[in-house]
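Each chain is listed here by its residues.
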Amino acid sequence: MLQYAFDLNYVRTSVLKRYALSTNEHGGIRIAQLSLDLVEGNGSSEEAIIGYIDHDEGQRAGANQSIMIGEEQTVRRGVYVRIRDPPNAEFVARIVDGPIYTVKVARYLLELTSMVVGGTRTMIQSRPKPGSPVRLMSPEATQAYLGAVGDINVGRLVAQKEVKVSIQSSTFTSHIGIFGTTGSGKSNCLQVIAEEASEAGRSILILDIEGEYVRMNEPTMELQQLLMEFGKKPHGIKDLHVYVPAQNTSLNHEAKRFGIPLADIDLEIFSEVLGLSPFERVYMYEVARKARDTSGNFHAFDMNSLMTALRKRIEAQVDNTSIPEVVAEAHMGLFTKLSLAQRAGIIDSHFEKITPESICVPGRVSVIDMSESSDIVRNICVAHFLKSIFRYKTRTPNSSPIIIFAEEIHTFISRAKITTMLATLTMLIEIARQGRKRGISLGLVSQQPALVPSELIELCNTRFIHRVSSTPNIEVLRQSTGNVPDSLWSILLSLGKGEALVSSPSFDHAVITQIRPNKSKRLRVEQSNGTSAPNSNHWNNLT
Ligand SMILES: Nc1ncnc2c1ncn2[C@@H]1O[C@H](COP(=O)(O)OP(=O)(O)OP(=O)(O)O)[C@@H](O)[C@H]1O
Ligand SMILES: [Mg+2]
């Protein structure tokens, strides 16, 4: 990316005398009233000139400085400017550094982001001449230039608060990644996308491991003032459905309990989720076949018939000294793991299963509250809902497009588990690859992107990268995120809560965005030692 600079040295001396420079409390430059005679050429009079391109003066191209002047205005890094260099070209640039103070003036560093010749955007083939006027781009022009227009309004530019950042919901046919350290604003961001996308008619499914989203039908009580700055009011989701696994409870008292029939669960994925050894898997397939044979229906077998078939095999092994120890151990191991899964109460529960039809309804937000669930139940739920919605959308591709959010995806499938959870990873990648044609978008959230299989990260075309502090996490995102100007990566460490580097296929390049606060209510788990306690009973209803 080319960097450039502009300087007030080119302001005509007579005009220069009219400017008063002073620094404000933030170290920015206070800008004196701009005279209209400075608005030259074809420039819009609304886009005020804030400085002039400086000579390179001994510095290599791309590292010059500029001066900002004006009144009632503090120039910030990150704002977009337009430089007209008639008759040949117009340039668009972003301020990336400064102010750098000299005796009378302050300079800013620009990064050229585009060159426009004859109204057409083209590769940067030149640089603006010294003396070319630098104008602050209007909010509308900046938004249009960035391509940050669409029906999903997620926030505004951190550097230019008047510039809205929106995304086309049509780009959500690819997947969404939300990354950032603890407390950086990932859940808020998820909730904002869910609010906006459901208003745009998408169906939303949130696999909620902390029970945070179960009261989204109520308006938020938090950050209302800030919300108003974004032109929004507290508002609950109109069509919210909360489900909770049988035997668990939810902080939404209307939550509906559900079960999952064993026959609906893919046995390979089930064995991976239970952590079965290779021997245990072999025996599980054998007893499953036996249970199916006994039932007389290939599909109709349940946990009881599985356990009965296994119990019979174990009983037959008692007193049989010819059975190798490893075989006996594998049977007992399988029995223990299946008993644990059975005791979790969700499989073959008398509570009804949730049908994909009831989730894929336009504008509906469905939340699966897994806050009290064991890891086994959570993983069964995640795998089950992904698979059943994928099957449904394959059968009925014209049903409502859906976004499925899964928080802390690395705890479900991580790089370390790739070999032991191959079937699960293959399923996820298949859903991610094929899902986009069928109107399924995954919203994957993780505070440890370095642990998430790279195949999954790469499939997330729309990314919200909040503050990320560890180098491996930054590197993995950097390697796979396109259209991010180099200067923006260094900013990741300094992002505040709710600020994110947002990259989307519809954007010209990634932008640093202040995500708006959620309109609907979010519950938060009391934190201890800086980590959330998903199974904790100590809930703290903060909003
Ligand atoms: N866009 C925002 N604007 C203002 N404040 C925000 C914003 N996003 C988050 N916050 C503040 O930061 C807090 C933490 O946000 P959030 O729970 O979304 O972070 P998180 O990354 O999901 O954290 P965790 O890793 O613990 O799940 C919020 O409770 C809120 O106070
Ligand atoms: Mg969170």
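Note: the structure precedes this text.
Residues numbered from 1 in each chain as written. Chains lettered and ligands numbered in written order. Predicted model: local features only at pLDDT ≥ 70, side-chain atom pairs only at ≥ 80, totals over all residues.

Points about the site of ligand 1
We apply this condition: We count a residue as near a molecule or strand when its backbone-placed C-beta atom lies within 6 Å of that partner. Any residue that is not Ala, Val, Leu, Ile, Met, Phe, Trp, Tyr, Cys, Pro, Asp, Glu, Lys or Arg is counted as polar, Gly included; the first ten are nonpolar and the last four charged.
Within the structure, ligand 1 sits among 16 residues, and Gly185, Lys186, Ser187, Asn188 and Gly498 are positioned closest to it. Of the residues assigned to the shell around ligand 1, the class counts are four nonpolar, ten polar and two charged.

Overview of the sheet that holds strand β16 (residues 365-369)
Filter applied, for reference: Note on pairing: two strands pair once DSSP finds at least 2 bridges between them. Per the convention used, a helix needs a DSSP run of H or I reaching at least four residues, while a strand needs a run of E reaching at least two, with both numbered from the N terminus. To define axes, lines are fitted to C-alpha atoms, for helices over the stretch in contact only, and angles between the resulting N-to-C directions are given on a 0 to 180 degree scale.
With mixed pairing, twelve strands are arranged side by side in an open sheet as β11-β10-β21-β20-β19-β12-β18-β17-β13-β16-β14-β15. With partners counted over all chains shown, the strands left at the sheet margins are β11 (164-167) and β15 (256-258), one partner each. On average, adjacent strands in this sheet sit at an angle of 30° to one another, irrespective of strand direction. Of the strand pairs in this sheet, strand β20 (residues 499-503) and strand β21 (residues 511-515) are connected by four bridges, and their pairing is antiparallel.

A word on unusual backbone geometry
Put simply, the rule is: Counting other C-beta atoms within 10 Å of a residue's own tells you its class, since 20 or more makes it buried, 12 or fewer makes it exposed, and anything in between is partly exposed; those C-beta atoms are placed from the backbone.
Unusually for a residue other than glycine, glutamine 247 sits at a positive phi of about 80°. Along the chain, the position of glutamine 247 falls in the loop between β14 (240-245) and β15. By C-beta crowding, glutamine 247 is classed as partly exposed, having 16 other C-beta atoms within 10 Å. One non-glycine residue with positive phi stands out, namely glutamate 408, at about 45°. Position of glutamate 408 relative to the elements: it lies in the loop between β17 (402-406) and α11 (409-412). Look at glutamate 408 and you get buried, because 20 C-beta atoms sit within 10 Å.

With respect to the environment of arginine 202
Going by this rule: For every residue pair, C-beta atoms are placed from the backbone, and the pair is scored as a contact if these atoms sit within 7 Å.
Relative to the assigned elements, arginine 202 resides in the loop between α3 (186-199) and β13 (203-208). Judged by C-beta crowding, with 25 C-beta atoms within 10 Å, arginine 202 ranks as buried. In this structure the C-alpha to C-alpha distance between arginine 202 and isoleucine 403, which are 201 residues apart in sequence, comes to 7.2 Å. Every residue in contact with arginine 202, bar those within four places of it in the chain, is listed here: Ser169, Ala197, Ser400, Pro401, Ile402 and Ile403.

Overview of the packing of helix α5 (residues 267-274) against helix α10 (residues 375-395)
Our working rule: Convention used here: angles under 35 degrees read as roughly parallel, angles over 145 as roughly antiparallel, angles from 65 to 115 as roughly perpendicular, and any remaining angle as oblique. With the far helix as reference, a near helix turned anticlockwise by less than a right angle produces a left-handed crossing, and one turned clockwise produces a right-handed crossing.
Relative to each other, α5 and α10 sit at 155°, their axes nearing to 9 Å. Judged by the inter-axis angle, α5 sits roughly antiparallel to α10. In the packing of α5 onto α10, the handedness of the crossing is right-handed. Contacts from Ile269, Val273 and Leu274 in α5 reach Ile376, Asn379, Ile380 and Ala383 in α10.

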